[in-house]
Amino acid sequence: MMAGGLGKELAKFPLLFAQAVIFGQRPSKTRPREINNGTISFVDLGHGPIGITCHHVITDYRVKCDALADFAFQIGNIEIDPIKQLIDQNEQMDLATIHLSANQIKAITSQGEIGSCVFRPTTWPSPRLKDGEFVAFGGFPGSLRKLRSFDELEFPSWSSGASRISSVSDFKFISAFEREFWVSSFGAKHQVDLRALGGMSGGPAFIKRELHWDFVGIVSDYHENYDAVIFASVRTVRSDGTIDRPPV
């Protein structure tokens with residue numbers, strides 16, 4: 001089933017609510033440029049659309065923006081100022097929330113099937129996770145990024161439809177890849193044995209319940225030695241986008 005239609009639907013689902021984040025110097029034919037990318041997730045928790053990404057993505061943007069001239073931040077093809085639109089952020093939990101206007105989210109979600117939707121949960125926050133549950137997640141790895149021309153980039157996506165949760169804590173959960181059990185839902189032509197997940201930070205993670213999906217986290221880091229993805233739990237994000245602080 002995972003090699004057919006079911007696998008395709010599970011793998012595609014997270015990407016409906018995600019777009020590539022691009023930040024760097026504006027394109028120029030006369031000078032080289034440094035481009036970074038991450039991923040952002042689109043949700044409406046009850047007070048309108050917001051974007052959720054990692055704190056370290058916003059921090060990286062701040063540092064480079066201060067150091068380089070003519071710097072820009074884009075979600076897909078739409079340029080925004082993430083600092084002006086920042087709702088909240090927390091370094092310990094590696095979360096950052098960004099306000100998105102009605103016009104911005106309309107433009108962002110009209111660029112194709114990927115990133116075309118805003119997720120609205122059945123209840124919020126979602127139930128606590130358990131070891132052994134399976135998450136579907138996705139994003140835009142920088143290693144797959146392609147430069148088409150000096151001012152055109154292509155961002156192929158990558159996703160997993162069912163990755164087992166191996167460890168859960170208050171603010172993080174981990175999924176160790178079990179590559180020996182992987183099945184390509186889109187055929188051998190599209191099978192990518194991805195080893196570098198840089199650029200997927202901020203990508204959404206969901207759990208399929210019996211009758212609905214729960215939004216449970218975003219990709220935060222990848223531990224190469226253990227071949228495991230570390231996710232930031234989003235249960236601490238309030239419906240208005242502010243973030244509950246962890247106890248001191």
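Model, not experiment: these values are computed from the prediction.

## Here we look at the packing of aromatic side chains
Alright, step 1. Evaluation of the coordinates by the stated rule reveals 21 aromatic pairs.
Alright, step 2. Geometrically, the ring pair formed by F137 and F231 is edge-to-face, given 5.2 Å between the ring centres and 80 degrees between the ring planes. In this pair, F137 is assigned in strand β8 (residues 134–139) and F231 in strand β16 (residues 228–233), connecting sequence segments 94 residues apart. Across the pair, F231 and F137 agree in class, each one buried.

## Quick word on the sheet that holds strand β2 (residues 35–44)
Alright, step 1. Reading across from one edge, β5-β4-β1-β2-β3-β7-β6 is the order of the seven strands in this open sheet, with antiparallel pairing throughout. Pairing within the sheet leaves two strands with one partner each, and these edge strands are β5 (78–79) and β6 (86–90).

## A short note on the environment of F73
Alright, step 1. Along the chain, F73 falls in strand β4 (residues 71–75).
Alright, step 2. Along the sequence, F73 and Y61 sit twelve residues apart, while their C-alpha atoms lie 7.9 Å from each other.
Alright, step 3. When near neighbours in sequence (up to four residues on either side) are disregarded, F73 contacts V21, I22, F23, I58, Y61, I78, E79, I80 and P82.

## Brief notes about the environment of E152
Alright, step 1. One can find E152 in strand β10 (residues 152–154).
Alright, step 2. Distance in space between the C-alpha atoms of E152 and P27 is 8.5 Å, their sequence separation being 125 residues.

Quick notes on the rules
- Residues numbered from 1 in each chain as written.
- Predicted model: local features only at pLDDT ≥ 70, side-chain atom pairs only at ≥ 80, totals over all residues.
- Heavy atoms only, no water.
- Phe/Tyr/Trp six-rings, centres within 6.5 Å; stacked < 30°, edge-to-face > 60°.
- Helix = DSSP H or I, 4+ residues; strand = E, 2+ residues; numbered from the N terminus.
- Buried < 20%, exposed > 50% of the residue type's maximum accessible area, 1.4 Å probe, protein only.
- Pairing = 2+ DSSP bridges.
- Contact = heavy atoms within 4.5 Å.

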